[in-house]
Amino acid sequence: MADIESVLREQRVFDPPAEAAGRARVGSMEEYERLRRRAQEDRDGFWAEIASELHWHEPFERVLEWNAPDAKWFVGGKTNIAYNCIDRHLSGARRDKPAIEWVGEPGDRRTLTYAELYAEVAKFSNALESLGIERGDRVAIYMPMVPEAAIAMLACARIGATHSVVFGGFSAEALADRIRDAGAKAVITADGGFRAGKVVPLKQNVDQAVAKAPVDHVVVLRRCENDIAWTAGRDSWWHELTGGASADHEAPALDSEHPLYILYTSGTTGKPKGILHTTGGYMVGTYYTTKLVFDMQDDDVYWCTADVGWVTGHSYVVYGPLANGATTLMYEGAPTYPEPDRLWKIVEDYKVSIFYTAPTAIRALHRAGDEWPKRRDLSSLRLLGTVGEPINPEAWMWYRETIGGGRCPIVDTWWQTETGAIMISPLPGATPTKPGSCTKPLPGIQADVVDRQGNSVGTDEGGYLVVREPWPSMLRTVYGDHERFEKTYFSEIPGFYFAGDSARRDADGYFWVMGRVDDVINISGHRLSTMEVESALVSHDKVVEAAVVGRPDEIKGQAIVGFVTPKKGLEPDEELARELMQHVVVQIGALARPAEIRFAEALPKTRSGKIMRRLLKDVAAGADSKGDTTTLEDGSVLDRLAAERGYEE
Ligand code: ATP
Ligand code: MG
């Protein structure tokens, strides 16, 4: 493996392999620049052209109506996203192509061709309608990662019911909050799902949730055959509802701005927001980005490991790939069950060509040891992707070399629940990549790094990540709280969409996301990114994961506290703490020297696997945590951290 320190020191750039460039839709930076300029000079024409590749029941009259912060895209157009994801592919060779390849945790498998997916979605659409679910109603989906999760989403979208998918790992309490906030009329769930060899009691959680936030209907898929309670009149079995239903359903024409779904953000920075996406723009955005960023081809086997409970699962497990007529793989269970090569075995079994996952998974699989991927044939892979957090160069290099065999480009994709689709990312056949950078905005996306007044900042100066122009898949509101929408996203920096992240742009115009705006540390007036210090810590060979926060300091304003998970089997001590402090000094400079190192078996993460630095800040300052912890994965991690001793400078 390439020596990470020299990669960083020499700021190595990895050109796209000639093979990727040769077959890609966008095969050079000249072509990228041409597209980018075209989109800038004629924004509406650019998006209209992409939209015209999809099916519209009635054509749109106008591409965009923009009364900041309110956007309407493809105005007057009528379409149906489920039609575009399924029916559109039924007339040609894709009819019998696998749409969904599915692997259950216990080892069961299913393949659904486009024709079969059509029949399942039609039946469930008819079933929902038979329950009295109508256009505009909200439906909560609380499912394991089984094909029926996608089928339920597509059926809701098809009939015009707005879905709200709630991650199956959330508690009854969190589910109740989301049912209430969205005013859901029904919940679609399963008796259970398999996770790390255990049954997750989904129906039981639903029963508790709807006791507090009542719904008219609960539809239950039989998955685990576990015992469940039953409320007659309210509960119905999926198989009974669909058993007699017709396998045909005509997709109605829905307005382009029809509410498609509500999805709550991960809760990394505070109370989750119910992000609302609408039909036409979201469809165009996910279609376009899947096609470009993954350079999706008809022979690809594509696997995004995200759960459908997150936006990545919405846009890049379900809607984007299916809109492109791709084969999308779904896996139900834990990535390391029964052994840490589970994902690599699936890649081998299905000859996966595109693999898209999160830095947290990459770090965990790295930590498990190289022997696991080495046991499997990963030669089918041609492209790797990452999303969710900034990726440390160390993890990036491991991903590239050990998983990608040094031959697969990595697309580090920056985007958010709010943006609906990828915004900043390399194009695999064109963009030279640098470990840790999401490189450049996609053609059509006017991202920038600015100061508080909205002026672009200079090269390598930190600033706020914003988007200057509307884009089709942008959120339309925070459900039920338009004021919060305006305040959070369109008031901080006048005139622009404010992402809440800080970033810098280097001399090549590459974006480096530094973390959340609130996470930037200010030491004696110098702005340091938590990401940079974390990457330095993780580049030490005894460290697997690190989170860095600032704690109040009388002299310097803030002092750095590093929370570090050491490699398995290591007994951390004062000496290691000093070694790490010195390592950061060598990597970045004396300014970045942590004042304190705390060792931890695990760091507090959201259920989507992101480090919650806001909670660590309280621990570092010795305060009780006051923040929202409803999306925290494991509450005991915080208590253990607070009890650990720290090693001070
Ligand atoms: P909340 O908004 O509730 O705090 P969240 O921001 O974690 O939760 P998501 O919408 O799932 O919810 O995550 C989007 C955020 O994830 C981005 O704002 C950014 O901070 C981070 N992120 C996503 N992809 C990348 C990436 N490739 N590089 C750096 N950061 C990323
Ligand atoms: Mg966010």
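S.K.: I tried to follow the overall build of the protein chain on my own but got confused; where do I start?
M.R.: In terms of helices and strands, the protein chain carries 21 helices and 31 strands. In terms of overall dimensions, the protein chain is globule-like: its C-alpha atoms have a radius of gyration of 24 Å, near the 26 Å expected for 649 residues. C-alpha atoms of the protein chain, sized along the principal axes, occupy 70 × 60 × 50 Å. When the 649 residues of the protein chain are sorted by exposure, 63% land in the buried category. Of the accessible surface of the protein chain, which amounts to about 23,700 Å², a share of 46% is contributed by carbon and sulfur atoms. Where the 74 positive side-chain charges of the protein chain centre and where its 96 negative ones centre are 0 Å apart.

S.K.: Can you walk me through the site of ligand 1 in this structure?
M.R.: Lining the immediate surroundings of ligand 1 are 21 residues, of which Thr-265, Thr-268, Thr-269, Thr-417 and Lys-610 lie closest. Between ligand 1 and Thr-269, the relevant distance is 2.5 Å, taken from an oxygen atom to a side-chain nitrogen or oxygen of the residue. Interatomic distance of 2.5 Å between a side-chain N/O atom of Thr-417 and an oxygen atom of ligand 1. Coverage of ligand 1 by the protein amounts to 95% of the 640 Å² it exposes when considered alone. Of the residues assigned to the shell around ligand 1, the class counts are 5 nonpolar, 9 polar and 7 charged.

S.K.: Can you help me understand helix 20 (residues 613-620) in this one?
M.R.: Since one α-helical turn is 3.6 residues long, residues separated by three or four positions face the same way. In terms of burial, helix 20 is a largely internal element, 7 of the 8 residues being buried. The set of residues buried in helix 20 consists of Arg-613, Arg-614, Leu-615, Leu-616, Asp-618, Val-619 and Ala-620. Where helix 20 is buried, its residues meet helix 18 (530-538), strand 28 (543-553), strand 29 (557-566), strand 30 (596-599) and helix 21 (636-643). Immediately beyond the C-terminal end of helix 20, within one or two residues, lies Gly-622, with a positive phi of roughly 75°.

S.K.: Whenever I open this one, the pairing of strand 7 (residues 162-165) confuses me. Can you help?
M.R.: Consecutive residues of a regular strand have side chains that alternate between opposite faces of the sheet. Across the two faces of strand 7 the burial is the same, with Thr-162 and Ser-164 and His-163 and Val-165 all buried. Here strand 6 (residues 138-142) runs beside strand 7; their pairing, made up of 4 bridges, is parallel. Following the sheet pairing, Arg-138 is matched in strand 7 by Thr-162. Where the polypeptide runs from strand 6 across helix 7 (residues 147-159) and back to strand 7, its parallel neighbour, the crossover connection is right-handed. Pairing of strand 7 with strand 14 (residues 259-264), which is carried by 2 bridges, proceeds in the parallel orientation. Looking at strand 14, one finds that His-163 is bridged to Tyr-261.

S.K.: What is the right way to read the pattern of salt bridges from this model?
M.R.: For side chains of opposite charge, pairing can occur when their charged atoms come near one another. This structure, assessed with the given rule, holds 54 salt bridges. A salt bridge links Arg-94 to Asp-298; the nearest nitrogen and oxygen atoms lie 3.2 Å apart. In this pair, Arg-94 sits in the loop between helix 5 (81-85) and strand 4 (98-103) while Asp-298 sits in the loop between helix 11 (279-293) and strand 16 (301-304), placing the two residues 204 residues apart along the sequence. We classify Arg-94 as partly exposed; its relative accessible area is 25%. The exposure class assigned to Asp-298 is partly exposed, which follows from its relative accessible area of 45%. Across the pair Arg-382 and Asp-300 runs a salt bridge whose closest N-O atoms are separated by 2.7 Å. Of the two residues, Arg-382 is situated in the loop between helix 15 (371-374) and strand 19 (383-386) and Asp-300 in the loop between helix 11 and strand 16; the sequence distance between them amounts to 82 residues. Taken together, the shared-partner salt bridges in this structure form one network comprising Lys-203, Asp-207, Arg-234 and Asp-235.

S.K.: Help me understand the packing of helix 3 (residues 29-41) against helix 4 (residues 43-51), please; the structure alone is not making it clear to me.
M.R.: If you want to describe how two helices pack, look at the angle between their axes and the distance between the axes. Packing of helix 3 against helix 4 brings their axes to within 4 Å, and their N-to-C directions diverge by 115°. Across the interface between the two elements, Leu-35, Arg-38, Ala-39, Gln-40 and Glu-41 of helix 3 pack against Arg-43, Gly-45, Phe-46 and Glu-49 of helix 4.

S.K.: What's the story with the sheet that holds strand 4 in this structure? I'm lost.
M.R.: Strand-to-strand pairing in sheets goes through backbone hydrogen bonds, with the strands running parallel or antiparallel. If you walk across this open sheet you meet the 7 strands as 5-4-17-16-18-19-20, and the pairing is mixed. Strand pairing shows two members of the sheet lacking a second neighbour, strand 5 (109-113) and strand 20 (410-412), which therefore form its edges. Pairwise comparison of adjacent strand axes, ignoring direction, gives a mean angle of 20° for this sheet. Sheet topology note: the strand 16/strand 18 (residues 354-357) ladder contains 3 bridges and is parallel. When the sheet's bridge partners are listed, Tyr-302 is paired in strand 18 with Ile-354.

S.K.: Got a minute to help me understand unusual backbone geometry in this structure?
M.R.: Among all residues except glycine, the phi angle is most often negative; among peptide bonds, the trans geometry is most common. Cis geometry is found at the peptide bond from Ala-68 to Pro-69, where omega equals 0°. By the element assignment, Pro-69 lies in the loop between strand 1 (62-67) and strand 2 (70-75).

S.K.: Before we go on, may I ask you to explain the sheet that holds strand 31 (residues 646-648) in this structure?
M.R.: With respect to topology, 4 strands assemble into an open sheet ordered 28-29-30-31, the strand pairing being mixed. The open sheet has two edge strands, strand 28 and strand 31, and neither has a second partner. Across the sheet, the mean angle separating the axes of adjacent strands is 25° when strand polarity is ignored. The pairing of strand 30 with strand 31 spans 3 bridges and is classified as antiparallel. Paired with Arg-598 across the strands is Gly-646, a residue of strand 31. With respect to the sheet, helix 19 (residues 574-587) is in contact with strand 28, strand 29, strand 30 and strand 31, its orientation differing from that of strand 30 by roughly 125°.

S.K.: Honestly, the packing of aromatic side chains in this entry has me stumped. Any pointers?
M.R.: The way to describe two aromatic rings as a pair is by their centre distance and the angle between their planes. In the structure shown here, the tally under the stated rule is 32 aromatic pairs. Geometrically, the ring pair formed by Trp-73 and Phe-74 is tilted, given 5.7 Å between the ring centres and 50° between the ring planes. Assigned by exposure class, Trp-73 and Phe-74 land together as buried. Between the aromatic rings of Trp-303 and Phe-355, the centroid separation amounts to 5.3 Å while the plane-to-plane angle is 75°, which identifies the pairing as edge-to-face.

S.K.: Any chance you could explain the environment of Phe-490 here in plain terms?
M.R.: One can find Phe-490 in helix 17 (residues 482-490). C-alpha of Phe-490 to C-alpha of Val-466: the two residues are 24 residues apart in sequence and 9.8 Å apart in space. What Phe-490 contacts, discounting residues up to four positions off in sequence, is Trp-66, Pro-69, Met-474, Phe-485, Phe-496 and Tyr-497.

S.K.: Looking at this structure, how should I read a negative patch on the surface?
M.R.: On the surface, Asp-70, Asp-181, Asp-481, Glu-483 and Glu-486 cluster together to form a negatively charged patch. Assignment of secondary structure puts Asp-70 in strand 2. Judged by its relative accessible area of 33%, Asp-70 is partly exposed.

S.K.: Which parts of the structure should I look at to understand the nonpolar core?
M.R.: In a soluble, globular protein the nonpolar side chains are often hidden away together inside. In terms of nonpolar packing, the biggest core is built from 142 residues, with Phe-294 and Tyr-319 touching the most fellow members. Sort the elements by how many residues they give to this core and helix 7 lands first, with 10 residues. Discounting residues that sit within four places of it in the chain, Tyr-319 has contacts with Ile-81, Cys-85, Met-153, Leu-154, Ala-157, His-163, Leu-260, Tyr-261, Tyr-282, Thr-286 and His-314. Within the second largest apolar cluster, 29 residues are counted, among which are Trp-344, Met-397, Tyr-399 and Cys-408.

Cut-offs and rules
- Residues numbered from 1 in each chain as written.
- Chains lettered and ligands numbered in written order.
- Predicted model: local features only at pLDDT ≥ 70, side-chain atom pairs only at ≥ 80, totals over all residues.
- Heavy atoms only, no water.
- Helix = DSSP H or I, 4+ residues; strand = E, 2+ residues; numbered from the N terminus.
- Rg over C-alpha atoms; globule rule 2.2 N^0.38 Å.
- Buried < 20%, exposed > 50% of the residue type's maximum accessible area, 1.4 Å probe, protein only.
- Areas by Shrake-Rupley, 256 points an atom, 1.4 Å probe, with all protein chains shown as cover.
- Lys, Arg positive; Asp, Glu negative; His and termini not counted.
- Charge placed at Lys NZ, Arg CZ, Asp CG, Glu CD.
- Near = heavy atom within 4 Å.
- Polar contact = N/O pair within 3.5 Å; in protein donor to acceptor, adjacent residues only side chain to side chain.
- Nonpolar A, V, L, I, M, F, W, Y, C, P; charged D, E, K, R; others polar.
- Contact = heavy atoms within 4.5 Å.
- Pairing = 2+ DSSP bridges.
- Right-handed = clockwise from strand over helix to strand, strands pointing away.
- Salt bridge = Lys/Arg side-chain N within 4 Å of Asp/Glu carboxyl O.
- Axes fitted to C-alpha atoms, helices over the stretch in contact; angles between N-to-C directions.
- Phe/Tyr/Trp six-rings, centres within 6.5 Å; stacked < 30°, edge-to-face > 60°.
- Patch = residues over 30% accessible without salt bridge, like charges linked within 9 Å, V, L, I, M, F, W, Y side chains within 5 Å.
- Core = buried A, V, L, I, M, F, W, Y, C linked by side-chain atoms within 4.5 Å.

All quantities given are derived from atomic positions and should not be read as evidence of function.
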